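Analysis of the macromolecular model
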Amino acid sequence: MALMEEDSRRRPLSTAVLLLAESERLARDRGRPALEEAARCALVDLWESLDLSDPYLWMDGDANLPSVLWEASRRISPEAVNGQLTGVLAQEPDLVLPLVVGCAPWEESRQFDDWSLTGIRRRHRELPPWFPVDAVVAAAATVAPGVSKEVVNEFGETDGDDAESLLAQVLWLADARATP
């Protein structure tokens, strides 16, 4: 239990979350329901202690922030995480660009013939159920009206993975979702 408390304080945030999630899994696999519940509660407590309106949370360079959001959605619900993020953007629309970047998963580019790594970048290929699509679209209209969906090709690709390119990918996916 002391180790879980220590893990809860680790940073970056994804380190704490992934260590607690692994503690929960190990306890479950080893038939230790009390420890499994303690790890699950530590994860939920950690999530509930976060100030999602803190810009530092989104801009601290935590490359695994999408994992934090997935783990939270598994413990609480995708709808609850979506609702919390929606509330944050309603109160702080200026967080839309950092949030879009922080929520973007990483992808690797590889050479076709030998599979050697040629690059790593963030990319929104799909929008998870916890992602606040409607709130992002609304915030983008006021905060980043110059971001155009036109820079996204017919496959949802952009040349870059800067905040505006990632927002353009989200807007393209939101458009595709709305168009049957």
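Residues numbered from 1 in each chain as written. Predicted model: local features only at pLDDT ≥ 70, side-chain atom pairs only at ≥ 80, totals over all residues. Heavy atoms only, no water.

Let us now look at the side chain of Glu107. Looking at the element boundaries, Glu107 is found in strand β1 (residues 106-110). Of the residues examined, Glu107 reaches a relative accessible area of 17% and is grouped as buried. One polar contact links Glu107 to Arg125, side chain to side chain, over a distance of 3.1 Å. (Helix = DSSP H or I, 4+ residues; strand = E, 2+ residues; numbered from the N terminus. Buried < 20%, exposed > 50% of the residue type's maximum accessible area, 1.4 Å probe, protein only. Polar contact = N/O pair within 3.5 Å; in protein donor to acceptor, adjacent residues only side chain to side chain.)

Let us now look at empty space enclosed by the protein. Counted under the stated rule, the structure contains one cavity of 30 Å³ or more. Size it by volume and the largest cavity reaches roughly 80 Å³. Residue lining of the largest cavity: Val17, Leu43, Val44, Leu46, Trp47, Leu50, Val68, Glu71, Ala72, Arg75 and Ile76, and that is the complete set. Only α3 (33-49) and α5 (65-75) provide two or more residues apiece to the lining of the largest cavity. Here the lining of the largest cavity is composed, by residue class, of nine nonpolar, no polar and two charged. (1 Å grid on protein atoms, 1.4 Å probe; cavity = no way out; pocket = protein on both sides within 12 Å on 5 of 7 lines; lining within 4 Å. Points joined across faces, edges and corners; volume = space filled by probe spheres on them. Nonpolar A, V, L, I, M, F, W, Y, C, P; charged D, E, K, R; others polar.)

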